[in-house]
Amino acid sequence: MASVNIPRILPHVLVSLVIFILCMEMISSSGLGSVFENSSEIVKTRCIEKEKKALVEIRRGLADTFGTLSSWGSSVDCCQWRRVVCDNNTGHVTQLHLSAIDFPPPEKFRDNSFSWIRSSRISNISSSLLDLKTLNYLDLHANDFGGLPIPKVIGSLTDLVYLDLSRANFGKTIPDELRNLSKLNHLDLTFNSFDTSTIPEFISSFTSLTYLGLAGNHFSGEIPRQFGNLSKLQQLNLGDTDVLGGGIFGWLFNLSSLVHLDLNGISIGTSNDWVRLFHSFPMMSVLLLDHCNLTSSGANRSSFPTNLSSNISTLSLHQNFIDLSIFGWLSNSSSSLVNLGLSYNRLKGKIPEFLSNFTSISSIDLSNNQLHGVVPYSFRNLSGLKFVDFSSNNLTGNLQDLLNVFAEDNLQTLFIHENQLTGSLPDITRFTSLRTLRVASNKLNGYLPKHFKQNSVLEFLGLSDNSLTGFLPEFTGFPSLLYLNLENNNFFGSIPDFTGCSSLQSLSLGGNQLTKWETQSTGQLTKLYRLDLSMNSISSTISERHLTNLSSLRVMDTSYNPLTFDLSSEWLPPFQLSELYLASCKLGPKFPSWIRNQKELYIIDFSNSQISDTIPMWFWNVSSTVDILNISSNKIRGKFSSKHFNFLIIDLSSNYFEGAVPVFPARCLKINLSQNKFSGILFSRPVVEVMSLGFLDLSHNSLSDSLPNTWGYFKDLVFLNLGYNNFGGRIPTSMGDLVFLQTLIIRSNHLYGELPASLRNCTKLGFVDFGLNKISGKIPAWIGDGLPQLYALILRSNQFYGSMPYQLCRLSELHFLDLAMNRISGTVPRCFGNLTAMTKNEIEVTEHYYNISNGLAPTSSFVDTALAGWKGQEFEYGRNFAYLKMIDLSSNQLTGEIPIGITRLLDIKGLNLSRNRFYGKIPLDIGRLKMLESLDPSINKFSGNIPQSMSGLHFLGYLDLSSNNFSGKIPSGTQLQGFLSSTYAGNLGLCGSPLTKKCEDEPGDEVHPTSIETEIDDDEIEYRRWLYISAALGFSTTFWGICGSVLLNRRWRHAYFLFLNYLKDQLYLIIVLRIPRMRRVQMELK
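The following refers to the structure shown.

Thresholds applied
- Residues numbered from 1 in each chain as written.
- Predicted model: local features only at pLDDT ≥ 70, side-chain atom pairs only at ≥ 80, totals over all residues.
- Heavy atoms only, no water.
- Disulfide = S-S within 2.5 Å.
- Helix = DSSP H or I, 4+ residues; strand = E, 2+ residues; numbered from the N terminus.
- Phe/Tyr/Trp six-rings, centres within 6.5 Å; stacked < 30°, edge-to-face > 60°.
- Buried < 20%, exposed > 50% of the residue type's maximum accessible area, 1.4 Å probe, protein only.
- Lys NZ or Arg CZ within 6 Å of the ring centre and 35° of its normal.
- Core = buried A, V, L, I, M, F, W, Y, C linked by side-chain atoms within 4.5 Å.
- Contact = heavy atoms within 4.5 Å.
- Pairing = 2+ DSSP bridges.
- Salt bridge = Lys/Arg side-chain N within 4 Å of Asp/Glu carboxyl O.
- Expected span 1.5 Å × (residues − 1).
- Arc of directions from axis to C-beta.
- Axes fitted to C-alpha atoms, helices over the stretch in contact; angles between N-to-C directions.

### What about the state of the cysteines?
By definition, a disulfide links two cysteine residues through a covalent bond between their sulfur atoms. By the definition in use, this model includes 4 disulfides. Bridging Cys-47 to Cys-78, the disulfide has an S-S length of 1.9 Å. Measuring handedness by torsion sign, the sulfur bridge of Cys-47 and Cys-78 sits at about 95 degrees and is right-handed. Placement of Cys-47 in the loop between α2 (32-39) and α3 (49-60) and of Cys-78 in the loop between α3 and β1 (84-86) is noted, with a sequence separation of 31 residues between them. The disulfide partner of Cys-79 is Cys-86, and the gap between their sulfur atoms is 2.1 Å.

### Some remarks on the packing of aromatic side chains
Using the criterion set out here, one finds 35 aromatic pairs in the structure. Measuring from ring centre to ring centre gives 5.8 Å for Phe-253 and Phe-281, while their planes differ by 25 degrees; the resulting arrangement is stacked. Of the two residues, Phe-253 is situated in the loop between β9 (235-237) and β10 (260-262) and Phe-281 in the loop between β10 and β11 (286-288); the sequence distance between them amounts to 28 residues. Note on Phe-253: relative accessible area 16%, which makes it buried. Taken together, a centroid distance of 5.4 Å and an interplanar angle of 50 degrees make the contact between Trp-711 and Phe-714 tilted. Comparing Trp-711 with Phe-714, the two get one shared label, buried. Taken together through their ring pairs, the aromatic side chains of Phe-591, Phe-606, Trp-618, Phe-619, Trp-620, Phe-640, Phe-657 and Phe-678 make up a single cluster. The aromatic ring of Phe-695 is capped on one face by Lys-670, whose charged end is 4.8 Å from the ring centroid. The ring centre of Tyr-656 lies 5.2 Å from the NZ or CZ of Lys-677, which sits over that ring.

### Examining the nonpolar core
The biggest cluster of nonpolar side chains holds 261 residues, and the ones touching the most others in it are Leu-96, Ile-154 and Phe-664. Among the elements of the structure, α3, β1, β2 (93-97), α5 (399-403), α8 (618-622) and α9 (782-786) are those that each provide at least two residues to this core. Here Ile-154 is in contact with Leu-129, Leu-138, Leu-140, Leu-160, Leu-163, Leu-165, Leu-178 and Leu-181, once residues within four sequence places are set aside. Formed by 13 residues, the second largest nonpolar core is a distinct cluster that contains Ile-794, Phe-816, Ala-866 and Tyr-877.

### Some thoughts on the sheet that holds strand β14 (residues 348-350)
The strand order across the open sheet built from 3 strands is β14-β16-β18, with neighbouring strands paired in parallel fashion. Both outer strands of the open sheet, β14 and β18 (394-395), are each paired with one neighbouring strand and no more. One ladder, built from 2 bridges, connects strand β16 (residues 370-373) with β18; its direction is parallel. Bridge pairing links His-372 to Asn-394 in β18.

### So, the pattern of salt bridges
The tally for this structure, following the rule as stated, stands at 17 salt bridges. One salt bridge connects Lys-516 with Glu-518, and the closest N-O pair in it is separated by 3.2 Å. On the basis of relative accessible area, Lys-516 is assigned to the partly exposed category, the value being 41%. Taking the shortest distance from any N to any O, the salt bridge between Arg-810 and Asp-785 comes out at 2.4 Å. Pair noted here: Arg-810 is in the loop between β49 (799-802) and β50 (816-818) and Asp-785 is in helix α9, with a separation of 25 residues, a long-range link.

### Here we look at α3
Over its 12 residues, α3 extends 17 Å from the first C-alpha to the last, a length consistent with the 16 Å expected when each residue adds 1.5 Å. Turning to α3, its buried residues are Glu-51, Lys-52, Ala-54, Leu-55 and Ile-58. Along the long axis of α3, the arc covered by the buried residues comes to 160 degrees, so they all point the same way. Exposed residues pointing more than 90 degrees away from the buried face of α3 are listed as Lys-50, Lys-53 and Arg-60.

### Concerning the environment of Arg-435
With respect to the helices and strands, the residue Arg-435 is situated in the loop between β19 (413-415) and β20 (436-438). Residue Arg-435 is classed as partly exposed on the basis of its relative accessible area of 36%. Remark: the alpha-carbon pair of Arg-435 and Phe-460, spanning 25 residues in sequence, is separated by 6.2 Å.

### With respect to the environment of Ile-203
The topology assignment puts Ile-203 in the loop between β7 (193-194) and β8 (211-213). Expressed as a C-alpha distance, the spacing of Ile-203 and Gln-226, which sit 23 residues apart in the sequence, is 8.9 Å. In contact with Ile-203, other than residues within four places in its own chain, are Leu-187, Leu-209, Leu-212, Leu-214, Phe-227 and Leu-230.

### Thoughts on the pairing of strand β59 (residues 917-920)
Every second residue of β59 is oriented toward a common face, the buried set being Phe-918 and Gly-920 and the non-buried set Arg-917 and Tyr-919. Alignment of strand β57 (residues 893-896) against β59, held across 2 bridges, turns out to be parallel. Counted as the bridge partner of Gly-896 is Phe-918 from β59. With 2 bridges connecting them, β59 and strand β61 (residues 941-944) associate as parallel partners. Bridged to Tyr-919 within β61 is Lys-941.

### Some remarks on the sheet that holds strand β21 (residues 445-447)
Spatially, β21-β23-β25-β27 is the arrangement adopted by the 4 strands of the open sheet, whose pairing is parallel. Strands with a single pairing partner mark the edges of an open sheet, and in this sheet they are β21 and β27 (513-516). Averaged over all adjacent pairs, the angle separating strand axes in this sheet is 15 degrees, with direction ignored. Two strands pair when backbone bridges link them, and strand β25 (residues 490-494) and β27 are joined in this way by 3 bridges, in the parallel orientation. Looking across to β27, one finds that Phe-492 is bridged to Gln-513.

Here it is in structure tokens:
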């Protein structure tokens, strides 16, 4: 064997080894290494085992309802997992992109959909994050960490250069450990729930930062001045942080590299320095100063820049106090301005012509100002204009003329709703790029075009709340249309064929006068998600053919139409609805079984739909997902089991349900079981947990026993109606725990005892009705002192006694007071003129809105309902109750004179003082009560003349002055003479029309009859009495003498009816013969 010369070979071996290593390095750096790794099972995986285990632990702490991280663990190499990035050389994990883990994939998103609900699970960060020592990029934004503080472990990742924790619901304080992240160049903490008092000062030590986001948190105090050291900062977001902006200009101008500055919501308008922001940053491109208390008229005019920074492309000044003077220096601004926002300011006047000089502008928002007039035609020069929002102003002119000022090839979005535009919609297909057009809430009238000339890329068309009329055209040229809203107009006829709108997702035609729904109209809209045909006059019969192809339908509303649903009980719809509104349609008499396979329903409204059935068992499977159920105003019977009672909002009112009241679940927010046949006690089980209930109506049932004393568990109640039942006992003291209560009705029960003093804690009470009970005691003074928002107090038909407390005069909101049918004595407080709600011609609130505390349902509302004695009768008032301003003190034991202050209640509509012991004169200036419609002081001891001023009460429709001691002449005038004489009966001293008793003296003088005249009057009365008796006897004798003979004597009766037949024949002959003769005479005269 030949010997080997090692010294000679060694250099060659070393050179070959170096070449091999270099080749492998090139392969690795070029990315080919991964190809080799995946090409053979022999190649070792890049993933570090320890880091792989750490990732698995991290995933366990994250809420992942939709399997976003399902790939974690599915393969050996963790570097291939979604949202994970590794170093190609070392295999170490360097980046984690974990944003929005618990959100559904895009295909699940639907506008206003309840088809998916985010997991209630809260995310957390595992300490295993420490094992990813080379991590330099961490993105956790748009997850839900439930208000937990930022994990301190993040502060140990000292190699981080990118950290995004925005919109992640982190709370409490920002941990001091984050100060270790000195390499950061991107830090985003925007929109969290930190309760830190001030912005941490250590952030200013991150001198490499180019992006800093702190917006949308509740920081307070001033921004650290050390932020001026962040010289590399290019983007600074401090908006909506509640920080004070007073010292911001002491350091902000040091940040000369700023490109993007967000100071939204920070009050900087108190200093004139804010105008320097426009020209102090040479590279500034985006400047956001919304809601900063800026005012263009208050700043020093000499300090305004002659032109903006040459690079500013976006200027946002929404929600300030800027007026039209801002345009004085905007006209000299840079031609680079692309986006201009000035909504919610004080722009008043016409849109300035010189805005047309901004030839580079693409987006302009002047909405919610006080602009008027027409849009300048010079806007035609803005050929690059794509987005325009002039909504919520007072712009006038013709819609077609306005559209003519915009370039037809570039305009994409136009919002001009809530203005005063007239005319109709022209053919908009000439705008070849237009995708969104909203012209709702204007004064449009006339007809829509019968045809559109060409296809359009329009996606959104809103014309609601106008006065457009005529037949609807077929929108055949709109294949891209997604949203069409034509509701609340005057369109009539049939629903047109929308087959050409193949992309349509939302169709709103409610509030019109449409009468017919053909199967082909909507039958082919396979992508339709929302269908609203409510409040029309559609009388069609709906069959499966109308709905079979609507496979994407989620929301269906055909309420308030005379529609008849004729769907087979075996039919299974191809869609899964989330909201179904069929109120006032013809569904019954059976429950619609075609909904039995619906598994995602969130809202059901079958109210007033002619159902007269028991609830079938399959319905409870459907309702397991339902949160809002309304089946009121039907004839549904049977019992309602507590085990199925798990709704947020339920309305079973006006049916025939019976048995015990179901047990209320703690999550329930609104319950209406009124006008049924529920019986027994109120709560069949003891209430042992805090309830979320805000509205409870159990009125008009047969509930009995005493009211429970557990109202402390219902502290969120806003409305409580237990009226018209058989409750007895005393009002429980725990009702004083209902501190949010606005309406309390316990009318028509058998309650007794005094009003509990604890009710004075219910300071938000506005409407109280304890009428028709047996409540006794004096009217408490604390009603006037402790219930300042009270506007209706009804204590009618109880057993209250004693005098009226003067504290009632402090109820400045009171416009309805009913204390009738008690035993109240004493005088009316002289301070009644202080009830200021009855002195002003203002309409009270007709509908009361309230927010449900936990936010699980939308804002709710209720309408006051009250029975009131009005114009001698009792009426129920609902929405019109707010207009009823009335005092009823009738049927008590009140005495004294009417206090003069009553005549200061200039807007009072009704005053009832009848059946008391009042005396004295009616106030002479009662005629000041011009709005008075009903006045009843009858059955008292009033005396003197009727005031002449009463003849000026032109709205007075009911008056009763009977059974008093009034005297003298009834004041002349059409008003008082228009009432029946019974209005004045029982006042022997009265005379004049409409009474038969004449006044003998001059008008206005009081008549004093002598004894002789009295005798003459008495003789006259006696004469007339016998005259009437004689006439009645004569008529009776004659009538029965003739008619009785005819009835009793058969021959006479036969002869009588023969005579009538003969008379009829003679009359007929005369008419037949005379009419032709009269016609001939008439022709001759012509």
